[in-house]
Amino acid sequence: MIEKVFLKARCRYLLQSRTSAPQVIKIQHPCKTTDHILVPTDAFSRFCLAPMDHPVEIDAKGFDIRRMPPDLLGRHRDGRILKKARFAAPLHYGGCLYTFQRPQKGAPRKSLADNRGMDLGSESLLTMLCSEMIHEDVPPLPHTDAPAPKNSLEIGIVLHLHYPELWPEFATFLQHAKLDFRLIVTLTRQDEALISQIKASYPDARVLVDDNIGRDIRPFIKVLQSAHLQGLDVICKIHAKRSVFSGVPDARFGHLWRRRALLDLLGSPLHVQKTLDRFETSPDLGMLGPATLRLKNGSGIDPGHEDSLPTRRYLSGLCGFDPSHIKEDYFAGTMFWVRTAALAALQDVTLPDDAFTEEPEQTGERFEHAVERFFSDCVRAQGYRLGDIEPLVLARPDIPIRSSTGRLLAPHALLEATRAWYRSRWQQPFEQDLSNHRVALVAAHDVEAAGPQIEDLQRQGWLVCLCLRVTSKSLDTHVATPADAVFLREHGGQEIDIWAAALRADPPIWDAKTLSLRSTGNPAFLTFDRGPESMKIRSQLENALVWNKPSETLFRSRALLAKFSMQPTDD
């Protein structure tokens, strides 16, 4: 197996992963500088290495590498990429292109929501992907010789520990913060060995065990409504986040997400001191969380915002709040510092256990995801504001994070192309009124493979639209097919993306009496009648179209849409 490949300058390369485990690639530059970049192959399988103005040597173990055609991203973008690249290899995956450039003075923080919470336009990306934080063991944390934080606040730490094996990691951060605090730990199973470990380090810790329902949200609500927080001024809420969306046990996105939050919340005594000072000097400050994990209006696409509104309005009514406080502004991952007074309204609200979701049904937008956003709504409604904690910098010695003039070099993320931006056209649209017809959308990558399915559906009385994935060069060619309508889309993504693009391009299709979404690989994925449920399905398809992660689209969309499926309506 070839482990190293020499890549030419000004050429673009495609990296196809051979494994589902995350990998660290090494890129050697002519100046002998080596970049180590975490490649999340647990979430994606294809990556693009953008062109650089010099040749490089890449450790290719675990990847198949081939050159890409020069027109995929466009020549006009190549020039900008080459101009922006400073010292590291631009790596493109999941719809995002990572390069390194000087931040513009006075410009607002560039933020890109990647739907797993990491703000890809901040310095935290470089410090996480180019540090030892990518590994399981916690590396030495900064400012170990700093004094313990001094303050007059009574402090509590609320930890939800679903994964017992992560206790040593949390213990490391808690000890490093050098705080005097009350520890409350919630578990999802009785584990005497784990409880003994916790008590050995924190004899006064309060350990609560409950069912694995509602992830970290339901246990936190129960703690809020108990006497365990009595007398505390501020609390830090953390939990053992892993986000194993792809089903891979060693998935790294949740790992990086958790590490990013812990670094900013508890990663340094000096950092913690600044946080507590802000609470003491700003009485109107109610919640502080990692700036890199704050999703707010204008920071990117948050598919769960619209879905969460009914539940958040309902919760506002229970608390007696004006719904005007509901905003798209919260800390993704639900790890933050907060005043206990800012969440006091939730202490007397009754939330039934059956409103929360049991594992492993935790897919898509659930009740607990709405409550996650409502914590910030509650803070605002009680007269407090949210604030950011700037990321704790982890500078690796051999990575130059400052230019020769002393200016900080920070990673920059460009949104190259979400699925909504792929080119498409109707070769043959529906010409008749569809309100009295049954319409089937068949997603396919090959016309011949879809032929038998199209003819079978037509014999059953369906009007059939062939949604075909094509290359950019063949987008304008004519496709011969017996289908009643033909929709062509370059690249096309997965079947859900192609259906969503066709429905967006021709909204009257939604007027069909019955609509069926099918593909050559899934002949009866989803069939539903026109009605209230179709609006929910439409919302999910629109969300899937703008998500920039293939695995997210596949995993969440399938789970969210499948529950609406029903048998076809017979004439």
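Residues numbered from 1 in each chain as written. Predicted model: local features only at pLDDT ≥ 70, side-chain atom pairs only at ≥ 80, totals over all residues. Heavy atoms only, no water.

### Re the overall build of the protein chain
Put simply, the rule is: The secondary structure listing takes helices from DSSP runs of H or I that are at least 4 residues long and strands from runs of E that are at least 2 residues long, numbered from the N terminus. Relative accessibility under 20% of the residue-type maximum defines a buried residue, over 50% an exposed one, and the middle range a partly exposed one, all with a 1.4 Å probe and only protein chains included. It only takes one pair of heavy atoms within 4.5 Å for two residues to be counted as in contact.
The helix and strand tally for the protein chain stands at 13 helices and 25 strands. Put simply, the protein chain has 571 residues, and 56% of those count as buried. Long-range contacts, defined as pairs at least 24 residues apart, comprise 76% of the intrachain contacts of the protein chain with a sequence gap of at least 6.

### With respect to the sheet that holds strand β21 (residues 438-444)
Here is the rule: A pair of strands is considered paired only if DSSP assigns at least 2 bridges between the two. To get an axis, a line is fitted to the C-alpha atoms, and for a helix only the part in contact is used. The angle between two axes follows their N-to-C directions and goes from 0 to 180 degrees.
In space, the six strands of this open sheet follow the order β20-β23-β22-β21-β24-β25, with mixed pairing throughout. Whereas interior strands pair on both sides, the edge strands pair on one side only; in this sheet they are β20 (424-428) and β25 (526-529). Here the average twist between neighbouring strands, direction ignored, is 15°. Direction of pairing for strand β24 (residues 514-519) relative to β25: antiparallel, over a ladder of four bridges. Note that in β25 the partner of L515 across the bridge is F528.

### Some remarks on the pattern of salt bridges
To keep it simple, the criterion reads: For this analysis, a salt bridge means a side-chain nitrogen from Lys or Arg found within 4 Å of a carboxyl oxygen belonging to Asp or Glu.
This model, assessed by the stated rule, comprises twelve salt bridges. Linking R258 and E169 is a salt bridge whose minimum nitrogen-to-oxygen distance equals 2.8 Å. You can see R258 sitting in helix α6 (residues 253-266) and its partner E169 sitting in helix α3 (residues 167-177), a full 89 residues away along the chain. Judged by its relative accessible area of 6%, E169 is buried.

### Notes on the packing of aromatic side chains
As a reminder of what qualifies: Classification of ring pairs uses Phe, Tyr and Trp, with its six-membered ring standing for Trp, and accepts pairs whose centres are within 6.5 Å; under 30 degrees between planes counts as stacked, over 60 as edge-to-face, and the remaining range as tilted. A ring is scored as having a charge over it whenever the NZ atom of a lysine or the CZ atom of an arginine sits within 6 Å of its centre and within 35 degrees of its normal.
Scanning the model with the defined rule gives nine aromatic pairs in all. Each ring, one from F336 and one from F375, has its centre 6.1 Å from the other, and the planes form 70°; the classification is edge-to-face. Of this pair, F336 sits in strand β17 (residues 336-339) while F375 is found in helix α9 (residues 367-381), placing the two residues 39 residues apart along the sequence. Per residue, the accessibility class of F336 equals that of F375, and both read buried. Ring-pair connections join several aromatic residues into one group, and the members of that group are W167, F181 and Y202. In this structure, K237 is placed above the aromatic ring of F220, and the distance from its NZ or CZ to the ring centre is 5.5 Å. A cation over an aromatic ring shows up here: R518 above the ring of W462, its NZ or CZ 5.4 Å from the ring centre.

### Points about unusual backbone geometry
Both trends apply: most residues other than glycine have a negative phi, and most peptide bonds are in trans. Residues other than glycine seldom take positive phi values, yet K178 does so here, at roughly 60°. Phi angles above zero are rare outside glycine, and T334 is one such case at about 55°. You can see T334 is positioned in the loop between β16 (329-331) and β17.

### Here's the deal with the confidence of the model for the protein chain
Stated precisely, the cut-off is as follows: Values of pLDDT, ranging from 0 to 100, describe the predictor's confidence in every residue of the model.
Summary statistics for the protein chain give a mean pLDDT of 75 and a share of 67% for residues scoring 70 or more. Below pLDDT 50 for its whole length, residues 566-571 participates in 13 contacts with residues either more than four positions away or in separate chains.

### What to know about helix α7 (residues 269-281)
At 3.6 residues per turn, the α-helix brings residues three or four places apart onto the same side. Threshold: Multiplying 1.5 Å by the residue count of a helix minus one yields the expected span of that helix. Under the rule applied, a polar contact is a pair of N or O atoms within 3.5 Å (in protein, one hydrogen donor and one hydrogen acceptor; residues adjacent in sequence only if both atoms are side-chain atoms).
Taking 1.5 Å of rise per residue, the 13 residues of α7 would be expected to cover 18 Å, and the 18 Å separating its terminal C-alpha atoms lies within 8% of that figure. Buried within α7 we find P269, H271, V272, Q273, T275, L276 and F279. Capping of α7 at its N-terminal end is provided by S268; its side-chain oxygen lies 3.2 Å from the backbone amide nitrogen of L270.

### A short note on the packing of helix α5 (residues 217-224) against α9
Put simply, the test is: An angle below 35 degrees is read as roughly parallel, one above 145 as roughly antiparallel, one from 65 to 115 as roughly perpendicular, and any other as oblique. The residue classification treats Ala, Val, Leu, Ile, Met, Phe, Trp, Tyr, Cys and Pro as nonpolar and Asp, Glu, Lys and Arg as charged. All others, Gly included, are polar.
Where α5 contacts α9, the two axes come as close as 10 Å, and the packing angle between them is 50°. Taken together, the axis directions place α5 and α9 in an arrangement best described as oblique. Taking contact as the criterion, the partners of I217, F220 and I221 in α5 are, on α9, E368, V371, E372 and F375. Classifying every residue of the contact of α5 with α9 gives five nonpolar, no polar and two charged.

### Regarding the sheet that holds strand β10 (residues 155-160)
Reading across the sheet, the seven strands line up as β12-β11-β10-β13-β17-β14-β18 and stay open at both edges, with mixed pairing between neighbours. If you trace the sheet from one side to the other, it starts and ends with β12 (206-209) and β18 (385-389), each paired once. Ignoring strand direction, the axes of neighbouring strands in this sheet form an average angle of 20°. For β10 and strand β13 (residues 234-239), the ladder comprises six bridges, and the chain directions are parallel. When the bridges of β13 are listed, I157 appears paired with C236. Docked against the sheet, helix α4 (residues 192-201) engages β11 (182-187) and β12, running at close to 170° with respect to β11.

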